[in-house]
Amino acid sequence: MNMGTSIDFDAITDLLTGVHREGRSTLFEYEVYNLLGNSGAETPPKCVLLPTGARTSDDELLALPGDKVVLKIVSEHIVHKTEVGGVRVVDKDANAIRSAVRRMLYDVPRKFAQDITANPAHAPKAYEGLSGEELESAIHSDIKGVLMVQFMPPDSSAFGNELIVGLRNTREFGMVISAGLGGTDTELYAKRFRKGQAIVAASCELMTGEEFFEQFKRTISYRKLAGLTRGQRRVVTDEQLMECFSSMIEMGRHYSAANQDAPFIIEEMEINPYAFTDFLMVPLDGMCRFSHPDTPENSRPVAKIHNLLHPESIGIVGVSTKRRNFGRIILDNILAEGFPKDKVCVLKDGADEVGGVPCYPDIASLPHKLDLLVVAIAAAHVPDLVDEVIQRDAANSVMLIPGGIGETEESRERAEKIIEAINDAHATEGGGPVFIGANCMGVVSHPGKYDTWFIPDEKLPKDRERSYHRSAFISQSGAFMLHRISQCPELNPAYMLSIGNQTDLTLGDLMKYFMDSDEVDVIAVYAEGFNDLDGLEFCAAVREAVLAGKEVIFYKAGRTPEGKNATSGHTASLAGDYMVCESCVRAAGATVARTFSEFQDIFLLAENLSGKAVTGNRLAAVSSAGFEVVGMADSIHSDDYAMRLASYAPETKEKISAILESKRLQSLVSIANPLDITPSSDDEAHATLAEALVEDPNVDALVIGLGPMGPSMHTLKDTDNPMFDMADPGSIVSIIGEKARTWTKPVIGIIDGGRLFDPMRDAIKSYGIPVFSTCDHGVAALALYLEARLAAERMRKAETDD
């Protein structure tokens, strides 16, 4: 449905221009109504401004329709008018109106002054440092008058029958629209209700009015307004809501920092609440704050990310000849990964070579321009080095390893100096080098045949001959990435990038690079914060990646106020509003993980199952442990996902029956889903039943309990008892390994046992079957993964249909 709106942008811009000429950046309420009148959405109520000190005739006071009027104080500094007596409903009588207006002009300054005195931290800037009569006098002089507004009684005063709709210019994601339960208790609703039930938010750049309406339909607010709860009746049409959202989104896009031609930026605009009278949306209060756009930064030469990830030559600064410092470990790891020694050099005065690698005394002595320069020196020396690299055009890309560049107040000046030099270089012809870091752990690029992590092999053993996955792991925290790889070594991305403080290259830049990469199908991202507007760039690239068939897994740190404060002191990033971030990234098509474990699980599934077909959420499950069967069934539903247990096709039931009969289990096993095959089942029974279920056209995915402790199962390594030896050709490991190569559907294994069965787990994983230690853990991870794959497919289909 096309809900195009007719917005008079010229009239709105003229309004903002006039207000700006008066030296204001905030609209009065009647000016907000004027703006709404030009927005193409609902018509605001009629109103009349009664200026302070003016003599108003009876005819003017009685000009509005109805038996009552609403009186509202008008001051750019008084936002919450109700709390200070700045809103009154009176009978439409000339003397009653005059009396109420005169009382408000004196009562409101007194009450507002009392509030400021009691809470000086909340004082508007104009009143900071004032007190007593001086404060009250200043408030009084700033009151422009009283706005007399048409009284329009709502259809219902029941809970949930008011709507808030707003725009907000966020630092990371640009303009964001939000909507939900309105009224004076909006903030309370947002805290008390589950996330996404009271308020929803989305990027104006990434979502249409119709798409935002579909998101809004999942809220309590919509259910109330649409009459879908007991005792409620519909008070507004879906078309009205879509028109309102579409109008807001179009205004948000026009007056956005992301629009280079924007005459002004709407910093914040809020209508709270919209009430509803006879199927009319009536704005009862509104505010709008705006600003002038800033000068944009110079664009980064992101094409040089290719030089960073696939360098022809590498130089290192900070290698010790006497000890294994960070620089020396980095050099060792680069060579161990297979990068040609003759393409590596070290910048070190007073040495001819280090470990067979030639040394040069300084940048000026380099015989040629480097593709990648790795900097592993003390932070205090970095600004001068950056200046020289830029001036001499010595490298296409630079990796800044050291911390102490922006993480603390003391190092901010150093970081600002580096950023200024880099930004100036980007304005020159060729754009200068790109920089990754600072405060980063380095990069592992298997296709580029190098590893600059400063972690010794003794601490992180690596199988450098093992095949890597078609995936990229981008992390703002190097330690987070390191711990995930150490804890889950079967994760083996082609690229692993620790980006640290985002002094230059950003999460958005790297997502844009990998969205077009032919070597990557899966992109996993750990973020602590985005640079200005980079969240929007990141989400746009996520969307393109998903539309191109890639999978994106995302975790955002700083989800709580405490976590947000912790991230701001870690990688010098400013953590933003988590709800906005999650909403935007999820709407772009990424899978948003809620915990570290969930991130790791979904990443593992994506690396192994991205090539499998996902056409639905019908699950089949089989186990020889009764508790596991029950646990599998119990785990298919939660507040965040839902799977269905598949109904077996007739031919599958026949196959199961034949297998059970051949194993003499027909009297012990009922054909059901999940399938409980008893502890006496052997390896062949497990494997052939799994195959029958995978081949069922009614089954979309399979969970198989692999019975590590079953008395008839070969599940041990290096055992003296051949009955349990998993090297036996008839073991579950041997049989399922061969069969798994032909399976086109997602399959996960459950090995619920101790460390004795780690060799079995490793063997099953080597065949591309993800393994979990408990069934509830495995089913939950698989359900989230399948739901994300299906949502991405729906997005691609919608894009194709459009």
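Placed above this text is the structure.
Residues numbered from 1 in each chain as written. Predicted model: local features only at pLDDT ≥ 70, side-chain atom pairs only at ≥ 80, totals over all residues. Heavy atoms only, no water.

A.B. asks: Talk me through the overall build of the protein chain; I want residue IDs and the actual numbers.
C.D. replies: Counting its regular elements, the protein chain contains 25 helices and 30 strands. Seen through its C-alpha atoms, the protein chain measures out along the principal axes to roughly 105 × 80 × 50 Å. Across the 802 residues in the protein chain, those meeting the buried criterion constitute 55%. Of the contacts formed within the protein chain by residues at least 6 apart in sequence, a portion of 71% connects residues at least 24 apart. Roughly 34,900 Å² of accessible area belongs to the protein chain as shown, and the carbon and sulfur atoms make up 48% of that amount. Within the protein chain, the 117 negative side-chain charges are centred at a point lying 3 Å from the centre of the 78 positive side-chain charges. (Helix = DSSP H or I, 4+ residues; strand = E, 2+ residues; numbered from the N terminus. Buried < 20%, exposed > 50% of the residue type's maximum accessible area, 1.4 Å probe, protein only. Contact = heavy atoms within 4.5 Å. Areas by Shrake-Rupley, 256 points an atom, 1.4 Å probe, with all protein chains shown as cover. Lys, Arg positive; Asp, Glu negative; His and termini not counted. Charge placed at Lys NZ, Arg CZ, Asp CG, Glu CD.)

A.B. asks: Can you break down the nonpolar core residue by residue, with the values?
C.D. replies: Core analysis: the biggest nonpolar cluster contains 117 residues, and Met399, Leu497, Phe514, Phe538 and Phe554 have the highest contact counts within it. Broken down by element, the residue count for this core peaks at 12 residues, all from helix 25 (residues 775-801). With near-sequence residues (within four places) excluded, Phe554 lies in contact with Val525, Ala527, Phe530, Phe538, Cys581, Val585, Ala590, Thr591, Val592, Ala593 and Phe599. One finds Tyr33, Leu35, Val74 and Cys244 within the second-largest nonpolar core, a separate group that totals 50 residues. (Core = buried A, V, L, I, M, F, W, Y, C linked by side-chain atoms within 4.5 Å.)

A.B. asks: So what's going on with the sheet that holds strand 4 (residues 145-150)? Residues and values would help.
C.D. replies: If you trace the four strands from one edge of the open sheet to the other, you get 1-4-2-3, paired in antiparallel fashion. Lying at the two open borders of the sheet, with one neighbouring strand each, are strand 1 (47-51) and strand 3 (87-91). For this sheet the average axis-to-axis angle between neighbouring strands, irrespective of direction, equals 25°. In terms of strand pairing, strand 2 (residues 68-74) meets strand 4 through six bridges, oriented antiparallel. (Pairing = 2+ DSSP bridges. Axes fitted to C-alpha atoms, helices over the stretch in contact; angles between N-to-C directions.)

A.B. asks: Just give me the short version of the sheet that holds strand 16 (residues 395-400), but keep the residues and values in it.
C.D. replies: With mixed pairing, the seven strands of this open sheet are ordered in space as 13-14-12-11-15-16-17. One side of each edge strand has no neighbouring strand; the edge strands of this open sheet are strand 13 (353-354) and strand 17 (434-437). Bridge count between strand 11 (residues 314-317) and strand 12 (residues 344-347): four bridges; the pairing is parallel. The residue of strand 12 that forms the bridge with Val317 is Leu347. Packing against the sheet, helix 12 (residues 382-392) makes contact with strand 11, strand 15 (370-375), strand 16 and strand 17, and its axis sits at approximately 170° to strand 16.

A.B. asks: Can you explain the pattern of salt bridges? Please cite residues and give values.
C.D. replies: Enumeration according to the criterion identifies 39 salt bridges in this entry. A salt bridge links Asp107 to Arg88; the nearest nitrogen and oxygen atoms lie 3.4 Å apart. With Asp107 in helix 4 (residues 94-118) and Arg88 in strand 3, the pair connects residues that are 19 residues apart, well separated along the chain. Overall, Arg88 belongs to the partly exposed group, its relative accessible area being 23%. In this structure, the salt-bridge partner of Asp457 is Arg464, at a minimum N-O distance of 3.1 Å. Take Arg464: its relative accessible area is 22%, and that puts it in the partly exposed class. Through salt bridges with shared partners, one network takes in Glu337, Asp451, Asp457, Lys462 and Arg464. (Salt bridge = Lys/Arg side-chain N within 4 Å of Asp/Glu carboxyl O.)

A.B. asks: I'd like to hear about the packing of aromatic side chains, residue by residue, with values.
C.D. replies: The full count for this structure, using the stated rule, is 26 aromatic pairs. Here Tyr555 and Phe596 contribute two aromatic rings whose centre-to-centre distance is 5.1 Å and whose plane-to-plane angle is 65°, an arrangement assigned as edge-to-face. Residue Tyr555 is found in strand 23 (residues 551-556), and its partner Phe596 is found in helix 19 (residues 596-609); the two are separated by 41 residues along the sequence. The class of Phe596 is partly exposed, set by a relative accessible area of 38%. A connected cluster of aromatic rings, assembled from ring pairs, spans Phe473, Phe480, Tyr526, Tyr555, Phe596, Phe599 and Phe603. When the ring centre of Phe480 is taken as reference, the NZ or CZ atom of Arg484 above it lies at 5.0 Å. (Phe/Tyr/Trp six-rings, centres within 6.5 Å; stacked < 30°, edge-to-face > 60°. Lys NZ or Arg CZ within 6 Å of the ring centre and 35° of its normal.)

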